[in-house]
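Inside the fold
In case you want the letters, here they are:
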Amino acid sequence: MAAGPSRSRAAVSWNRDFADYRDSNCSHSDSPVRPCFLCPSASCVRILGAWTLVSVECQYAHLFCSGSLSGARPLTGGDLKDNPRTVLKVQVLVLLLIHLPASGSWGQVPTNSPIPTPTSISIRDGEVGDIDGDGVLDLIAVNGQGWLSISHGFGNGSHGNRILIDPGPGVEGLVRSLAIGDLDADGDSDVAFAWATPSDPGGFISIHINEAGTLGPRLDIPLDLQVNRTPYDLVLADVDGDGRDDIICCTNILDVTLQPASLTVLRSLGSVSGGGVLFSAPEHTEFSSLATDILAHDMDGDGDLDVLMACRDGNTFSAFRNDGGGGFTLASSIFFPLLPHPYSLVGGDFTGDGIEDAVLGTWMTKSLILLEGDGNLGYTAGLEIPVGVLGWGVMQRLGSADLDADGAPDITAPFSGGVVATRFNGGDAKFENQALFSSYQGPLQVQFIDLDADGSLDLLMDHSDLEVFTAFLGSQNVNGYFHFEPQRVSAGLPATIPLQVASNRAIEGFEVGIELDRSLMIPTSLDPSAEVMAATGPAGPLVWIVDLGSAAGDAIQLVANLGLPPGFGLGAGIMNDAAELSVDVAMVPTWTETSIAPVAGFGSPAATLQLSGWGIVEASLSQALISIEVPVPFIRADANDNGIINIADAVVVLRRLFGIDAPGTCLAAEDADGDGVTDIGDAIRIVTYLFSGGIAPGAPFPGCDIAPDPLILPCTARLSCP
């Protein structure tokens, strides 16, 4: 990292008590361990022995680390300067995760935090595939409305340069599942998602065919023309051996008593002229009730893919035999009288006898159930193996891999509360030994895949409400990246654009440049973010050197050293705002899009991060598009656009709110109180202003002007404000 002038820290008026916390972020004389689990970037001692859960009371001044505890965030709270001896006292449960793993395997507590990848959508399902054809795996997520978020891989386990794909009109239901495969056998990864309307006949698989790294428009394939057939889980796999992936899904008729379930198959018949893929008519094999998960796997060793299905409300497991041509018949089933609600499935040779087995994860009892295969799609159910406990939340979709390098596949179960439990298979499928760690809340599933191409498996989870993927790198590789989020700014007005940074270790400093089009955005300052100031205290970073540049092609340059003791820094495992770039946006006549990108700084060959306990690493770079929008002048509370504020405007607001009239074209004008939301309070604001001397509508009022923040609510050109 480039050297630069530093500022004295003598002005710091609060005391972190560094001497008390030399070895880790939280150390206490009465504590049996250094709880490095609070911040995996801190140095720590690996404890060997039996699994234990203890309560450790720790005192620490400021902890800046990621969500290695469920839902943890960097502390950005009150200033500690008023009391030089102020400390924060926290009672925490520390999981002592003890295991003797093979070196470099996943049979251990992650010593690093995850690499986060924001998606900007609430995730319904997530998958991995090489979308752009560069040989590097990308992360793909879908939300409930069919929007796709694609974050492109950098090859080191980090992802960025995100794009969003609008599904377009017509997705009028809830999307439940996403799958990646090659539907037209051209070598590209196509994308499909499954959805249904609340009640209309149909149920659909929507596909985007990949053409040379670009996804084509959405094509909808109906599943039924007579009933509302709702698809839950979706798989793309070649079930008829023709080299093209087919569509396999479990479907449910939700508006019929008992909600009958089916295995539904559509075989790909290949590409058609003009684009798209032709499919056979859907074939439904009905069995049980409310199917939630399917697995396409060769269970009988005949070379074709059979299908296993878990039915939650039917409390059944079923196996369907493939006739070799993609036709399926029910081969066997198991009913569970204790009603555990089977929810998730993984397959593999768990007993070590050379025959494929399956393991069920249960919704109600938070347990695993071994289904020992006989080699001919017959299964014997073992006893339930309890995994989850009260407080962990719902067990989500299982993942399986040989995590301790003993030749037997293990099982990892994520829970909605953020706990991730691994049950190790000693070769007898008893899954007796357990390892736990905590991550972000709301994981939907676990996938094991080599994201950084180093030959070891990485653990990937998608977190719905947090709108993020997290990747724990199995080889404990350390890296990070700079990132810009896509953003809307107003033409002719100042704007602030955050520069973000993430790593799986705490970030102590960084060196980076920023490229932008100076004809559209003129940089005026680059200041430490609120998170940096919270981490460093009133004195700010030890080093903060900025060169805004002046020539058209100049990059903005930044060198920062937070000046914190070892183990402290911007949070590991989360997206941090590193700096706030202020710009003056040009007054463009029409909507304009421009890019902003992190680049190498100060003539260095790469942008770099200084990471706690590791040193300097090269950072990956994730750029974004900035949308410059021309703000529209309007009069606040003039809902009917006649230039006059009277009772008619309140009536218009109410009629539109309750669906009597169609929505207006300027929600900002209808937002009479200027709170960024159109609601009944806006009508009340107009009426009280007009008839009882109430508060006037917010700016702009009473004349035409630009709103203080013109992008909160949309507004098209107004007749009353030419």
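Residues numbered from 1 in each chain as written. Predicted model: local features only at pLDDT ≥ 70, side-chain atom pairs only at ≥ 80, totals over all residues. Heavy atoms only, no water.

1. Digging into the sheet that holds strand β8 (residues 174–181)
As summarised here, the arrangement of the four strands in space is β8-β9-β10-β13, forming an open sheet in which the pairing is antiparallel. For this open sheet the edge positions go to β8 and β13 (219–222), each flanked by a neighbour on one side alone. Looking at each pair of strands side by side, their axes are set apart by 25° on average, direction ignored. Alignment of strand β10 (residues 204–208) against β13, held across four bridges, turns out to be antiparallel. By the bridge assignment, I207 is partnered in β13 with L219. (Pairing = 2+ DSSP bridges. Helix = DSSP H or I, 4+ residues; strand = E, 2+ residues; numbered from the N terminus. Axes fitted to C-alpha atoms, helices over the stretch in contact; angles between N-to-C directions.)

2. What about the confidence of the model for the protein?
Low pLDDT marks regions whose predicted coordinates should not be analysed in detail. Counting all residues, the mean pLDDT for the protein is 84, and 85% of those residues have values of 70 or more. In this model residues 1–109 is a low-confidence stretch, pLDDT under 50, and it forms 237 contacts with partners more than four residues away in sequence or in other chains. (pLDDT = per-residue confidence, 0-100. Contact = heavy atoms within 4.5 Å.)

3. Remarks on the sheet that holds strand β25 (residues 357–362)
Pairing in this open sheet of four strands is antiparallel, and the strands run β24-β25-β26-β27 from one edge to the other. Looking at the sheet topology across the chains shown, the edges are occupied by β24 (342–348) and β27 (379–386). Shown here is a sheet whose adjacent strand axes are inclined to one another by a mean of 20°, direction ignored.

4. Here's the deal with the pattern of salt bridges
Under the criterion given, the structure shown has 13 salt bridges. One salt bridge in this structure joins R218 and D220, with 2.7 Å as the shortest N-O distance. Under the relative-accessibility criterion, R218 is labelled buried at 16%. We note a salt bridge from E283 to R267, for which the minimum N-O separation is 3.0 Å. (Salt bridge = Lys/Arg side-chain N within 4 Å of Asp/Glu carboxyl O. Buried < 20%, exposed > 50% of the residue type's maximum accessible area, 1.4 Å probe, protein only.)

5. Concerning the pairing of β8
Among the eight residues in β8, six count as buried, and that is most of the element. Two strands pair when backbone bridges link them, and β8 and strand β9 (residues 190–196) are joined in this way by seven bridges, in the antiparallel orientation. Of the residues in β9, the one forming a bridge with G181 is D190.

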